[in-house]
Number of protein chains: 2
Amino acid sequence: MKIATFEKMKVFSPEKMKKVNLFTTERLFCDLYCLEPDQFQKVHAHAGEDKVYTVLEGEGRFQVGEETEIVLAGSSVLAPAGQVHGVTNISGKRLLILVFMAPKPHHG
Amino acid sequence: MKIATFEKMKVFSPEKMKKVNLFTTERLFCDLYCLEPDQFQKVHAHAGEDKVYTVLEGEGRFQVGEETEIVLAGSSVLAPAGQVHGVTNISGKRLLILVFMAPKPHHG
């Protein structure tokens, strides 16, 4: 059985946000994003994939479209296809986010 | 911004496991499963959708294919399309699970 335990898989870097892939299938992928204080995922968009961010630890300042909200552990945020989105760790603590995206992006 | 806060949205029933939808798009859906002790999601399969279970609170006995594992809060489990899967709350505490599925099933 494919089981991913966050505590064992999370990786933080002093340089930038780290992404750790938990699962990839033909239909979806699931990552951990690990952010030290002040690290961020740059605001970006993808035309064909929806993303759900779930805050596992800490708090993040999320942008989706033109809106910005502080979201704490215990909540999920939807970033629909085509809308710009990103997250910044403005707290003084580490931020751990579970990210689910569908469908799996096809590059190249 | 579409934000779902688990503590506000979770609903338990003495009768059976409750499912609460958090997000539905053309590409995915995201639910909370809320299980009192001894409640379960019956083992089932779907040919075209992958599912990721994430245990938020408590612990569950998960079956995927022919394997069975106890999974605690802080881990995710992949149930690939076509494989039978289900979960039972064998602990004495409530079990709260975040569920992602892609693509969104099309019924009828």
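Structure: above.
Definitions and limits used
Residues numbered from 1 in each chain as written. Chains lettered and ligands numbered in written order. Predicted model: local features only at pLDDT ≥ 70, side-chain atom pairs only at ≥ 80, totals over all residues. Least-squares fit on C-alpha atoms with pLDDT ≥ 70 in both. Contact = placed C-beta atoms within 7 Å. Pairing = 2+ DSSP bridges. Helix = DSSP H or I, 4+ residues; strand = E, 2+ residues; numbered from the N terminus. Axes fitted to C-alpha atoms, helices over the stretch in contact; angles between N-to-C directions. Core = buried A, V, L, I, M, F, W, Y, C linked by C-beta atoms within 7 Å. Buried ≥ 20, exposed ≤ 12 C-beta atoms within 10 Å, placed from the backbone.

Novice: Even after reading the chapter, I still don't get the relation of the copies chain A and chain B, so can you show me in this structure?
Specialist: Relating the two copies of this chain is a rotation about some axis coupled with a shift parallel to it. Once chain A is rotated about the relating axis by 180° and shifted along it by 0.0 Å, it coincides with chain B to within an RMSD of 0.0 Å. What the superposition gives is, in effect, a two-fold axis relating one chain to the other. Relative to the rotation axis, the C-alpha of A102 of chain A is the closest in chain A, positioned 3.1 Å from it. When the interface residues of chain A are mapped onto chain B, 100% of them are again interface residues, pointing to one common binding face.

Novice: What am I meant to see in the sheet that holds strand β5 (residues 50-57) of chain B here?
Specialist: Strands belonging to one sheet form pairs held by backbone hydrogen bonds; the direction of such a pair is parallel or antiparallel. What the 6 strands build is an open sheet, ordered β1(A)-β8(B)-β5(B)-β10(B)-β3(B)-β2(B); its pairing is antiparallel. Edge positions in the open sheet fall to β1 (3-5) of chain A together with β2 (18-24) of chain B, since each of these has one partner strand only. In this sheet, adjacent strand axes meet at a mean angle of 20° when their direction is disregarded. Alignment of β1 of chain A against strand β8 (residues 75-79) of chain B, held across 3 bridges, turns out to be antiparallel.

Novice: Sorry, what's going on with the nonpolar core here?
Specialist: As a rule of thumb, soluble globular proteins bury nonpolar side chains together. In terms of nonpolar packing, the biggest core is built from 54 residues, with Y53, I97 and F100 of chain A together with Y53, I97 and F100 of chain B touching the most fellow members. In contact with F100 of chain A, other than residues within four places in its own chain, are L28, C30 and V52 of chain A together with V52 and F100 of chain B.

Novice: For this particular structure, what's the right way to read the environment of T25 of chain A?
Specialist: With respect to the element layout, T25 of chain A can be found in the loop between β2 (18-24) and β3 (29-35). Accessibility expressed as a C-beta count within 10 Å gives 19 for T25 of chain A, which makes it partly exposed. Considered as a pair, T25 of chain A and K104 of chain A are 79 residues apart in the sequence and their alpha carbons are 7.3 Å apart. In contact with T25 of chain A, not counting residues within four places along its chain, are K104 of chain A together with D50 and P80 of chain B.

Novice: I keep staring at the sheet that holds strand β8 (residues 75-79) of chain A and nothing clicks. Help me out?
Specialist: Taken in spatial order, the 6 strands of this open sheet run β2(A)-β3(A)-β10(A)-β5(A)-β8(A)-β1(B), and their pairing is antiparallel. Every other strand in the sheet has two partners, leaving β2 of chain A together with β1 (3-5) of chain B as the edge strands with one partner each. The mean inter-strand angle of the sheet, taken between neighbouring strand axes irrespective of direction, is 20°.

Any functional reading would require information that these geometric values do not contain.
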